[in-house]
Amino acid sequence: MDVTFDNITYTVSTGKREKKTVLNGVSGRFQSGELTAIMGPSGAGKSSLLNILTGYTTHGVKGTLAFGSSGGSTNRKLCSYILQEDYLQPLFTVHEIMLMACDLKVSSDSLNRSEKLRLVDKILDTLHLSYCKQTRCGSLSGGQRKRLSIALELIDNPPILFLDEPTTGLDSSSSLYTIKLLQGLAREGRTIVCTIHQPSATVYEMFDHVYVLAEGHCVYQGSALNTVPYLRSVGLHCPAYHNAADYLLEVTNKEYGNFTKALAKAATDPSWRLAPLVDRLGGGGGGGGVPAALPPCPPAYDSNHNDAVYQGHRKEVAVVVPLVGPVDQLPGKMADQSQRRPSEFAKLLILMKRSNIQLYRDWTVTHLKLFVHIVCAIVIGLLFGDSGINATKSISNVASFMVHILYLWYTTVMPGVLKYPYEMNILKKESFNRWYKIRTYFVASMLTSLPVQIFFAIVYATIVYAMTYQPCELERYLMFTAVLVLNTIVADGFGLFLGTFLNEINGTFIGAIMTCFMFVFCGFLIMFSHMSDAMRGISYLSSHRYSFEALVLTAYDDSRSDLVCPKDEMYCHYVKANTIMRELGVVSGNYLFNVVTLVVHFVAIKVVGFWTLKRKLKMG
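In this report, we go over the structure that sits alongside the text. (Residues numbered from 1 in each chain as written. Predicted model: local features only at pLDDT ≥ 70, side-chain atom pairs only at ≥ 80, totals over all residues. Heavy atoms only, no water.)

### Quick notes on helix α17 (residues 543–556)
Phase 1 of the analysis: In this model, α17 (14 residues) spans 20 Å end to end at C-alpha, consistent with the 20 Å of a helix rising 1.5 Å per residue.
Phase 2 of the analysis: Most of α17 is tucked away: 14 of the 14 residues are buried.
Phase 3 of the analysis: Two or three places before histidine 544, at the start of α17, stands the capping residue serine 542, its side-chain oxygen 3.3 Å from that residue's backbone nitrogen. (Helix = DSSP H or I, 4+ residues; strand = E, 2+ residues; numbered from the N terminus. Expected span 1.5 Å × (residues − 1). Buried < 20%, exposed > 50% of the residue type's maximum accessible area, 1.4 Å probe, protein only. Polar contact = N/O pair within 3.5 Å; in protein donor to acceptor, adjacent residues only side chain to side chain.)

### A closer look at helix α11 (residues 367–384)
Phase 1 of the analysis: When the terminal C-alpha atoms of α11 are compared, their 26 Å separation across 18 residues agrees well with the 26 Å that a helix rising 1.5 Å per residue should span.
Phase 2 of the analysis: For α11, the set of buried residues is Lys369, His373, Ala377, Ile380, Gly381 and Phe384. Relative to the axis of α11, the buried residues are bounded by an arc of 100° and lie together on one face. Residues of α11 that are exposed and point more than 90 degrees away from the buried face comprise Phe371, Leu382 and Leu383. (Arc of directions from axis to C-beta.)

### Comments concerning empty space enclosed by the protein
Phase 1 of the analysis: This structure, assessed with the given rule, holds three cavities of 30 Å³ or more.
Phase 2 of the analysis: The calculated volume of the largest cavity comes to roughly 50 Å³.
Phase 3 of the analysis: Considering the residues around the largest cavity, the lining is formed by Tyr420, Tyr441, Phe442, Ser445, Met446, Leu496, Lys606 and Leu613.
Phase 4 of the analysis: Of all elements in the fold, only α13 (438–467) and α19 (591–619) reach the threshold of two or more residues within the lining of the largest cavity.
Phase 5 of the analysis: Residues that form the lining of the largest cavity fall into these classes: six nonpolar, one polar and one charged. (1 Å grid on protein atoms, 1.4 Å probe; cavity = no way out; pocket = protein on both sides within 12 Å on 5 of 7 lines; lining within 4 Å. Points joined across faces, edges and corners; volume = space filled by probe spheres on them. Nonpolar A, V, L, I, M, F, W, Y, C, P; charged D, E, K, R; others polar.)

### Quick look at the sheet that holds strand β3 (residues 35–39)
Phase 1 of the analysis: A sheet is described by the order of its strands in space; here six strands give the open sequence β5-β6-β7-β3-β8-β9, paired in mixed fashion. In this open sheet, the two strands that pair with only one neighbour each are β5 (79–82) and β9 (217–222). Here the strands of the sheet are splayed against their neighbours by 15° on average, with no regard to which way each runs.
Phase 2 of the analysis: One ladder, built from four bridges, connects β5 with strand β6 (residues 160–164); its direction is parallel. Counted as the bridge partner of serine 80 is leucine 161 from β6.
Phase 3 of the analysis: Against the sheet, helix α5 (residues 172–187) contacts β3, β6 and β7 (191–195), and its axis sits at roughly 130° relative to β3.
Phase 4 of the analysis: Helix-sheet contacts for helix α8 (residues 244–252) involve β3, β8 (209–214) and β9, and the interaxial angle to β8 is about 25°. (Pairing = 2+ DSSP bridges. Axes fitted to C-alpha atoms, helices over the stretch in contact; angles between N-to-C directions. Contact = heavy atoms within 4.5 Å.)

### With respect to the packing of aromatic side chains
Phase 1 of the analysis: Evaluation of the coordinates by the stated rule reveals 21 aromatic pairs.
Phase 2 of the analysis: Seen from their ring centres, tyrosine 436 and tyrosine 441 are 6.2 Å apart, and the 15° between their planes marks the pair as stacked. Taken as a pair, tyrosine 436 and tyrosine 441 share a single burial class, namely buried.
Phase 3 of the analysis: Plain terms: the ring middles of phenylalanine 497 and phenylalanine 501 are 5.5 Å apart, the flat faces sit at 15° to each other, and that makes the pair stacked. Here the residue phenylalanine 497 and the residue phenylalanine 501 both occupy positions in helix α14 (residues 474–501), the gap between them amounting to four residues, near one helical turn.
Phase 4 of the analysis: The exposure class of phenylalanine 497 is buried, given its relative accessible area of 17%.
Phase 5 of the analysis: By way of ring pairs, the aromatic residues Phe401, Tyr465, Tyr477 and Phe480 are connected into one cluster.
Phase 6 of the analysis: One Lys or Arg, lysine 419, reaches over the ring of tyrosine 420 and ends 5.0 Å from the middle of that ring.
Phase 7 of the analysis: The lysine or arginine in question, arginine 545, covers the ring of tyrosine 540, its NZ or CZ lying 4.0 Å from the ring centre. (Phe/Tyr/Trp six-rings, centres within 6.5 Å; stacked < 30°, edge-to-face > 60°. Lys NZ or Arg CZ within 6 Å of the ring centre and 35° of its normal.)

### Re the layout of surface pockets
Phase 1 of the analysis: Roughly 1,100 Å³ of volume is contained in the largest pocket.
Phase 2 of the analysis: For the largest pocket, the lining is made up of 33 residues, of which Gly55, Tyr56, Thr58, Phe432 and Leu617 are closest to its centre.
Phase 3 of the analysis: Those elements that place two or more of their residues in the lining of the largest pocket are β1 (3–13), α1 (46–54), β5, α10 (344–361), α12 (394–432) and α19.
Phase 4 of the analysis: Across the lining of the largest pocket, the residue classes break down as 10 nonpolar, 13 polar and 10 charged.
Phase 5 of the analysis: Considering only enclosed or pocket space, the second largest pocket measures out at about 600 Å³ in volume.

### Remarks on the sheet that holds strand β4 (residues 61–67)
Phase 1 of the analysis: With respect to topology, three strands assemble into an open sheet ordered β2-β1-β4, the strand pairing being antiparallel. With partners counted over all chains shown, the strands left at the sheet margins are β2 (19–30) and β4, one partner each. Averaged over all pairs of adjacent strands, the angle between their axes in this sheet comes to 15°, without regard to strand direction.

### A closer look at the state of the cysteines
Phase 1 of the analysis: For the structure shown, the criterion picks out one disulfide.
Phase 2 of the analysis: Each sulfur of the disulfide joining cysteine 565 and cysteine 572 lies 1.9 Å from the other. Between cysteine 565 and cysteine 572 the sulfur-sulfur dihedral comes to about 75°; the bridge is accordingly right-handed.
Phase 3 of the analysis: On the basis of relative accessibility, which here comes to 8%, the residue cysteine 572 falls in the buried class. (Disulfide = S-S within 2.5 Å.)

### Digging into the pattern of salt bridges
Phase 1 of the analysis: With the rule as written, the count across this model stands at 21 salt bridges.
Phase 2 of the analysis: Here aspartate 156 and lysine 105 are joined by a salt bridge, their closest N and O atoms 3.5 Å apart. Here lysine 105 lies in helix α2 (residues 94–105) and aspartate 156 lies in the loop between α4 (142–154) and β6, a separation of 51 residues in the sequence.
Phase 3 of the analysis: On the basis of relative accessibility, which here comes to 6%, the residue aspartate 156 falls in the buried class.
Phase 4 of the analysis: For aspartate 121, the salt bridge identified is with lysine 133, shortest N-O distance 3.0 Å. Here aspartate 121, found in helix α3 (residues 113–126), pairs with lysine 133, found in the loop between α3 and α4; they are 12 residues apart in sequence, far enough to count as distant.
Phase 5 of the analysis: Look at aspartate 121 and you get partly exposed, because its relative accessible area is 31%. (Salt bridge = Lys/Arg side-chain N within 4 Å of Asp/Glu carboxyl O.)

Have a look at this one:
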């Protein structure tokens, strides 16, 4: 499946009325069975072109783009895009993450469990990852992570594979192996396109097709072996023993003058694509069909272009291995697996399973958090003592309600603020490559996190309720626990909103500030009767207001019996339960209203969180 694009123009806004043209009507064709490199200096537009071809960028783009012989852009769904950064779930092993990706991409009707296992093992063996299949992704080296990223996208056997800077961060050996791997995949009939900044001579001559950009113009498209004679055709002579790729980048950086227009005109000649060409300026061919102008440094191709010559001895370049076979030669039902994907409900169950495993293994948000909840509940219970029944400690008891609200709020909001920015990178990669829909991930994440949050809140509420001697009534205990649970899940939604709308630093700062404001307007530090009308109106936006009122009503409403006044006290002002309610300005019988309002806040913040999640993904 070839990729053809014609007269692609891409502009971006740099100010209120200013626009910058990143790509100036570039055209080209990336053929199946070839490994293509998009090159150019920084800011030349190579990443922009790759993003346009993959559909990652759509705004500000003009021109035509076609995939395959039919020329339809709908075939873009058969492409996979591997980003420069290898974002992987660190708590899963290589084998686990491959199996989960296989379950998300291939339905059980296409491949049964044993066939999926064989497919995964075949891919891991091909990419030399079998020896680390039980290693967690967080412990992989850079080269292993890059190969695993490629392996994940090969599960559904895409005919076109795009990669953004696949050798960035890798040493020379790992870079060479990665390019060999991509060359082998291309030889099986796939179209492999990658961006690369400054390859070594060895890596550069392994590319079948090179597409070079400078200032948004295509200044060369052809075989890597024709680079030197092409440059000579416009009067640029590559020095002997000089890396052709380095010299080409030096030219595009205008180190020898501005040749952009001349190169852009010469690049329209399609004959440079044929490899190798005899030097058309009379220089004659070098040994093995290599133009004489090419520097005699390794590797140089022989006349068959299958092997590379390394100073007198031969070393195989292309790693041609039977992965899962070319697209049109797959056996049986594997040949059609790209069209048979699981239903979104099946993907929902798989994502829930993945999230549950992740929660269990992430001890900081499960085991450690549960331990801290228990310890803090005990400490708070010891601190406030018998404030629940002691009439002299009624103010302290009300203050303890605010402690419960703030503790559960902060311990729920902050993990979400810190978690989602990294999760966003994984979600962006997986959803863009059509592993699942955003809404499926959102529902799966919510359904797995909420039970854990609810359980932790119940554990905390049970301990503090008993240790602070709150009324020994089942109904009041359930009301008390329900309020803290609602407070917790609203905080979970608030953390989702901040984590998907802001980065970690800004999210932490804004989250803390907004929590403080909600705390101020809850009606405890300053009573509602002491607020102005405007400030009282703002207080209705505070979730803490409703949680606080509901807890006060839980403890003191519904004709509660008199509190205990210690014998050594001459007078207890708050013996009557309605006294504290009257002074706080809490209206009797409003418990249900506060609970319903908290539920509304939860639904609203989840809806807003889903919107910010989709917005973040669209913005890239």
